[in-house]
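Here is how the chains run, residue by residue.
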There are 2 protein chains.
Amino acid sequence: MSDEASPHHQLNELIRTRVSPRFFAPRPMDRETLALLFEAARWAPSSFNEQPWGFVFAMRDDRESFDRIFDCLVPGNQTWAHTAAVLMISVARLTFTNNARPNRHAIHDVGLASATMTLQATSLGLGVHMMSGFDMAKARTSLGIPDGFEPVAAMALGYPEAHANMPEKIRERALAPRKRKPLGDFIFRGRWGDPGNLAPVNPGPARGD
Amino acid sequence: MSDEASPHHQLNELIRTRVSPRFFAPRPMDRETLALLFEAARWAPSSFNEQPWGFVFAMRDDRESFDRIFDCLVPGNQTWAHTAAVLMISVARLTFTNNARPNRHAIHDVGLASATMTLQATSLGLGVHMMSGFDMAKARTSLGIPDGFEPVAAMALGYPEAHANMPEKIRERALAPRKRKPLGDFIFRGRWGDPGNLAPVNPGPARGD
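Here is what the cut-offs are and how they apply
- Residues numbered from 1 in each chain as written.
- Chains lettered and ligands numbered in written order.
- Predicted model: local features only at pLDDT ≥ 70, side-chain atom pairs only at ≥ 80, totals over all residues.
- Helix = DSSP H or I, 4+ residues; strand = E, 2+ residues; numbered from the N terminus.
- Rg over C-alpha atoms; globule rule 2.2 N^0.38 Å.
- Buried ≥ 20, exposed ≤ 12 C-beta atoms within 10 Å, placed from the backbone.
- Contact = placed C-beta atoms within 7 Å.
- Pairing = 2+ DSSP bridges.
- Axes fitted to C-alpha atoms, helices over the stretch in contact; angles between N-to-C directions.
- Least-squares fit on C-alpha atoms with pLDDT ≥ 70 in both.
- Nonpolar A, V, L, I, M, F, W, Y, C, P; charged D, E, K, R; others polar.
- Parallel < 35°, antiparallel > 145°, perpendicular 65-115°, else oblique.
- Left-handed = near helix turned anticlockwise from the far one by under 90°.
- Domains from an automatic or database assignment.

1. Description of the overall build of chain A
So, point 1. When helices and strands are tallied, chain A shows seven helices and five strands.
So, point 2. Starting at the N terminus, the α and β elements of chain A follow one another as α-α-β-α-α-β-α-β-α-β-α-β.
So, point 3. The C-alpha atoms of chain A give a radius of gyration of 19 Å, which matches the 17 Å a tight globule of 209 residues would have.
So, point 4. Based on the C-alpha atoms only, the size of chain A along its principal axes is roughly 55 × 50 × 30 Å.
So, point 5. Burial statistics for chain A: of 209 residues in total, 50% are counted as buried.
So, point 6. When contacts within chain A are restricted to residue pairs at least 6 apart in sequence, long-range pairs at least 24 apart make up 76% of them.

Below is the structure:
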């Protein structure tokens, strides 16, 4: 008996192989590739098609801008994010453009755009590592993010480094088994807490986050 | 000269063709397929791997549960969502499990999981239409969503109906050109408002949202 499910019931390859890289190879990203990642984000859906997302990016060779974002990261993230080809901060516009009312879905929709970008990156052999560990107030000030907008996540992008080339501590973590809750913990039928009774179909990748 | 970019610079097919269907074909979804969509969501990244997402679903043939979610939708969404094979509500856990501190990224990370699920659906010929138009308070009560958790979005899933089989008003909207802001409106280099100067690479799909 094979562990492989029928082709119809495969987890999509990009979703199955996406990881948040903990170290990047010293390979620059060209501007066309970066534009394509943003193009992917652009086509994400959003509440009332508001597209409440924004991204401030810095390429590695643009040292001043790169350091400005890098300096917002918490020290734990700085230990590896210095290898990224691009750093960015995602930003949410908190009100609707046409009536200035609060957009309750702004941050959710930034997530939709960011996940879309991440899977586009995966399809090009790149990786995106999102981070909550950064100084929001500092990002707001040093990147000039205006009132009514909120810095959401820091993101490191680049070509993932081979495990053999990683510093040992980072490699250990990258090689650790991936962990996720079972479906039964978060999928409910009809009412919160009622079992969904959906059998797991396919394992994800064995390693990385 | 061709409009096609080099294969390396293609927008991924799933991202390019994803739309939020406005009407679904009368084709049921099997439980294995549904499980696979949730499996895709399960492998999304999240802040501290908290996986703050939950989903309450109802399949069409489970009428009582289906109507319970359907009744939470605003009338405008009820006009078409009755054709969905599955309705669901996404839910965010607002605090971290291990220390009960607020998780500022909970709703963002529900967005990551939902976008991942949506692209998995696209890869199986299915569509997901997320809706902000539903009664949150009613969803909380009728689905029994506990304190500390928040209903985020309603979602309709199913096999998209052919344009020819849609009611005329819905078809008109489904056939309208897709609209998105240009990259220059939301991508900035180094500082908010500074032009990214990234040329658009590839058009998205011509129709749908």
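2. Side note on the pairing of strand β2 (residues 86-93) of chain B
On any regular strand, side chains alternate: one points to one face of the sheet, the next to the other face.
Residues and elements named next belong to chain B.
So, point 1. When you tally the buried positions in β2, you get eight out of eight residues, the bulk of the element.
So, point 2. Neither face of β2 is exposed, since V86, M88, S90 and A92 on one face and L87, I89, V91 and R93 on the opposite face are all buried.
So, point 3. As defined by bridge partners, strand β1 (residues 53-59) adjoins β2 across seven bridges and the pair is classed as antiparallel. Bridge pairing in β2 links A58 to L87.
So, point 4. Relative to strand β4 (residues 149-158), β2 runs antiparallel, the two being bridged by eight bridges. Bridging from a neighbouring strand, I89 pairs with A154 of β4.

3. Here's the deal with the sheet that holds strand β5 (residues 187-189) of chain A
So, point 1. Spatially, β5(A)-β1(B)-β2(B)-β4(B)-β3(B) is the arrangement adopted by the five strands of the open sheet, whose pairing is mixed. Each having just a single partner strand, β5 of chain A together with β3 (127-131) of chain B make up the two edges of the open sheet. Taking the axes of each pair of neighbouring strands and ignoring which way they run, one obtains an average angle of 25° across the sheet.

4. Thoughts on the environment of R60 of chain A
Residue and element names in this part refer to chain A.
So, point 1. Along the chain, R60 turns up in the loop between β1 (53-59) and α3 (63-70).
So, point 2. On the neighbour-count criterion, R60 (21 C-beta atoms within 10 Å) is buried.
So, point 3. When the C-alpha positions of R60 and V86 are compared, they lie 5.7 Å apart, and in sequence the two are 26 residues distant.

5. Considering the relation of the copies chain B and chain A
So, point 1. In screw terms, the move from chain B to chain A is a rotation of 180° and a rise of 0.0 Å along the axis, fitting with an RMSD of 0.0 Å. Here the two chains are linked by the operation of a two-fold rotation axis.
So, point 2. Interface residue correspondence from chain B to chain A reaches 100%, placing this contact among same-surface, isologous pairings.

6. A word on the interface of chain B and chain A
So, point 1. Chain B puts 71 residues into the contact, and the matching count from chain A is 71 residues.
So, point 2. At twelve residues, the largest contribution of residues to the side of chain B that touches chain A is made by helix α5 (residues 106-123) of chain B.
So, point 3. Residue classes in the side of chain B that touches chain A are distributed as 35 nonpolar, 22 polar and 14 charged.
So, point 4. Strand direction decides the pairing type here: β1 of chain A and strand β5 (residues 187-189) of chain B, joined by three bridges, are parallel. Looking at β5 of chain B, one finds that F57 of chain A is bridged to R189 of chain B.

7. Some points on unusual backbone geometry
Apart from glycine, the bulk of residues carry a negative phi angle, and the bulk of peptide bonds sit in the trans form.
So, point 1. Unusually for a residue other than glycine, Q51 of chain A sits at a positive phi of about 50°.
So, point 2. If you trace the backbone, Q51 of chain A turns up in the loop between α2 (31-42) and β1.
So, point 3. Positive phi outside glycine occurs at N49 of chain B, with the angle close to 50°.
So, point 4. Tracing the backbone through its elements, the reader meets N49 of chain B in the loop between α2 (31-42) and β1.

8. Considerations on helix α3 (residues 63-70) of chain B
So, point 1. All of the buried residues along α3 of chain B are S65, F66, R68, I69 and F70 of chain B.
So, point 2. Buried residues along α3 of chain B sit against β5 of chain A together with β1, α4 (75-81), β2 and α6 (136-142) of chain B.

9. Points about the packing of helix α5 (residues 106-123) of chain A against α5 of chain B
So, point 1. At a minimum axis separation of 7 Å, α5 of chain A and α5 of chain B run at an interaxial angle of 45°. Considering their axes alone, α5 of chain A and α5 of chain B lie oblique with respect to each other. As for the relative orientation of α5 of chain A and α5 of chain B, their crossing is right-handed in sense. Where α5 of chain A abuts α5 of chain B, its residues I107, H108, D109, V110, G111, L112, S114, A115, T116 and L119 of chain A lie against I107, H108, D109, V110, G111, L112, S114, A115, T116 and L119 of chain B.
So, point 2. Across the contact of α5 of chain A with α5 of chain B, the residue classes break down as ten nonpolar, eight polar and two charged.

10. Details of the domain arrangement of chain A
So, point 1. Each assigned domain of chain A is listed with its residue range as follows: domain 1 (1-11 + 181-209) and domain 2 (20-177).
So, point 2. The gap between the C-alpha centroids of domain 1 of chain A and domain 2 of chain A is 28 Å.

11. Points about the sheet that holds strand β4 (residues 149-158) of chain A
So, point 1. Ordered in space as β3(A)-β4(A)-β2(A)-β1(A)-β5(B), the five strands form an open sheet in which the pairing is mixed. The outermost strands of the open sheet, each flanked by one partner alone, are β3 (127-131) of chain A together with β5 of chain B. Here the strands of the sheet are splayed against their neighbours by 25° on average, with no regard to which way each runs.
So, point 2. Packed on one face of the sheet, α5 of chain A meets β1, β2 (86-93), β3 and β4 of chain A and runs near 150° to β2 of chain A.

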